[in-house]
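Here is how the chains run, residue by residue.
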Amino acid sequence: MAHNDNGPQSASAIPPAGGEPVPLELLRTPPPGERADAARNRAAVLEAAARLFAEHGVEAVSMDQVAAAAGVGKGTLFRRFGDKAGLGVALLDARERTLQEAILRGPAPLGPGGAAGGAAGGAADRSAPPARPAERLAAFVDAYLDYLLEHLDLVRMSETASRGARYRVGAYRFWHRHAAILLAAAGTADPEHDAHALLAALAAEHVAALLPELGEARIRAGAIALAGRLAR
């Protein structure tokens with residue numbers, strides 16, 4: 001199977017059947033645009049929710065408790081976030097944007113490396129060779145698991161709030177396109193399918209179910225090994 005040793009640098013997504021490529025940059029989780037007072041209320045709600053979730057666990061905290069702790073009305077909270085799952089998604093947005101930025105512009109192997117990663121990584125990274133697609137895919141799995149395991153209950157709630165919720169979350173399209181780009185560069189026959197297969201192993205419900213039996217180290221090693229087999 002042919003490999004592109006330089007890996008994808010432009011982050012242009014695999015096109016859907018008959019469609020045009022979608023730049024990976026356009027799939028990023030966008031920061032919210034809002035008035036100053038709305039931004040203050042949002043920050044107060046997210047701070048209160050993060051504190052309550054950390055103290056009592058996600059399942060034990062109600063939207064009423066979050067509204068009271070943030071000093072906003074229940075109606076405002078529900079209009080803004082919809083439900084607790086929507087609140088969880090909002091809490092995860094900033095963490096997702098950090099990881100997405102590292103993927104797009106960070107140093108290798110998570111980011112493109114070379115000149116493309118220089119802005120984020122400094123002069124030393126500009127002179128470093130870019131990572132191969134398989135190396136970048138393994139680094140993505142490793143970094144994603146860092147993010148997932150730190151926020152497992154929140155991610156699980158956001159992904160299982162309703163049937164198919166995981167696939168409607170905007171960040172999923174970013175993770176999928178990134179994995180598909182790397183798999184295509186590695187020469188896999190069906191990168192879009194294989195990207196979904198890899199992400200299935202990283203679903204919060206799946207990881208939460210396996211964690212007591214296998215432990216974090218085996219889950220991480222297994223997922224990275226799966227990425228290596230897919231990108232071989």
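Residues numbered from 1 in each chain as written. Predicted model: local features only at pLDDT ≥ 70, side-chain atom pairs only at ≥ 80, totals over all residues. Heavy atoms only, no water.

**Quick notes on the packing of aromatic side chains**
Moving on, step 1. On inspection of all chains with the given rule, the structure shows six aromatic pairs.
Moving on, step 2. By the ring-pair criterion, three or more aromatic residues cluster together here, those being Phe 140, Tyr 144, Tyr 147, Phe 174 and Trp 175. (Phe/Tyr/Trp six-rings, centres within 6.5 Å; stacked < 30°, edge-to-face > 60°.)

**Some details on the packing of helix H10 (residues 170–186) against helix H11 (residues 191–200)**
Moving on, step 1. In contact at an axis separation of 8 Å, H10 and H11 are set at 125° when each is read in the N-to-C sense. Put simply, H10 runs oblique to H11. Like other packed secondary-structure pairs, H10 and H11 cross with a definite hand, here right-handed. The segment H10 lies against H11, with Tyr 172, Trp 175, His 176, Arg 177, Ala 179, Ala 180, Leu 183 and Ala 184 engaging Pro 191, Glu 192, Asp 194, Ala 195, His 196 and Leu 199.
Moving on, step 2. Partitioning the contact of H10 with H11 into residue classes produces nine nonpolar, two polar and three charged. (Axes fitted to C-alpha atoms, helices over the stretch in contact; angles between N-to-C directions. Helix = DSSP H or I, 4+ residues; strand = E, 2+ residues; numbered from the N terminus. Parallel < 35°, antiparallel > 145°, perpendicular 65-115°, else oblique. Left-handed = near helix turned anticlockwise from the far one by under 90°. Contact = heavy atoms within 4.5 Å. Nonpolar A, V, L, I, M, F, W, Y, C, P; charged D, E, K, R; others polar.)

**Quick word on the pattern of salt bridges**
Moving on, step 1. Using the criterion set out here, one finds eight salt bridges in the structure.
Moving on, step 2. Across the pair Arg 156 and Glu 205 runs a salt bridge, and its minimum N-O distance is 2.6 Å. Residue Arg 156 is found in helix H8 (residues 152–160), and its partner Glu 205 is found in helix H12 (residues 204–230); the two are separated by 49 residues along the sequence.
Moving on, step 3. Residue Arg 156 is classed as partly exposed on the basis of its relative accessible area, which comes to 30%.
Moving on, step 4. With relative accessibility at 38%, the residue Glu 205 sits in the partly exposed group.
Moving on, step 5. For Glu 192, the salt bridge goes to Arg 177, with nearest N and O atoms at 2.8 Å. Separated by 15 residues along the polypeptide, Glu 192 in helix H11 and Arg 177 in helix H10 bring together distant segments of the chain.
Moving on, step 6. According to the relative accessible area criterion, Arg 177 is buried, its value standing at 13%.
Moving on, step 7. Connected through salt bridges with shared partners, the residues Asp 142, Asp 146, Glu 216 and Arg 220 form a single ionic network. (Salt bridge = Lys/Arg side-chain N within 4 Å of Asp/Glu carboxyl O. Buried < 20%, exposed > 50% of the residue type's maximum accessible area, 1.4 Å probe, protein only.)

**Side note on helix H7 (residues 133–150)**
Along an α-helix, residues three or four apart share an orientation, since each turn contains 3.6 residues.
Moving on, step 1. The terminal C-alpha atoms of H7 lie 26 Å apart, and with 18 residues this matches the ideal 26 Å at 1.5 Å per residue to within 8%.
Moving on, step 2. For H7, the set of buried residues is Pro 133, Arg 136, Leu 137, Ala 139, Phe 140, Val 141, Ala 143, Tyr 144, Leu 145, Tyr 147 and Leu 148.
Moving on, step 3. On its buried face, H7 sits against helix H4 (84–105), H8, H10, H11 and H12. (Expected span 1.5 Å × (residues − 1).)

**With respect to the confidence of the model for the chain**
Moving on, step 1. Averaged over every residue, the pLDDT of the chain is 83; residues scoring 70 or more account for 79%.
Moving on, step 2. Below pLDDT 50 for its whole length, residues 1–15 participates in 55 contacts with residues either more than four positions away or in separate chains.
Moving on, step 3. Here residues 118–124 is modelled with pLDDT under 50, and outside its nearest four sequence neighbours on either side it reaches six contacts, counting other chains as well. (pLDDT = per-residue confidence, 0-100.)

**Considering the packing of helix H1 (residues 36–56) against helix H2 (residues 63–70)**
Moving on, step 1. In contact at an axis separation of 8 Å, H1 and H2 are set at 125° when each is read in the N-to-C sense. Classed by the angle they form, the pair H1 and H2 counts as oblique. In this structure, H1 meets H2 at a crossing whose hand is right-handed. Contact with H1, carried on its side by Ala 44, Val 45, Ala 48, Ala 49, Arg 51 and Leu 52, involves Gln 65, Val 66, Ala 69 and Ala 70 of H2 and no other residues of that element.
Moving on, step 2. By residue class, the composition of the contact of H1 with H2 is eight nonpolar, one polar and one charged.

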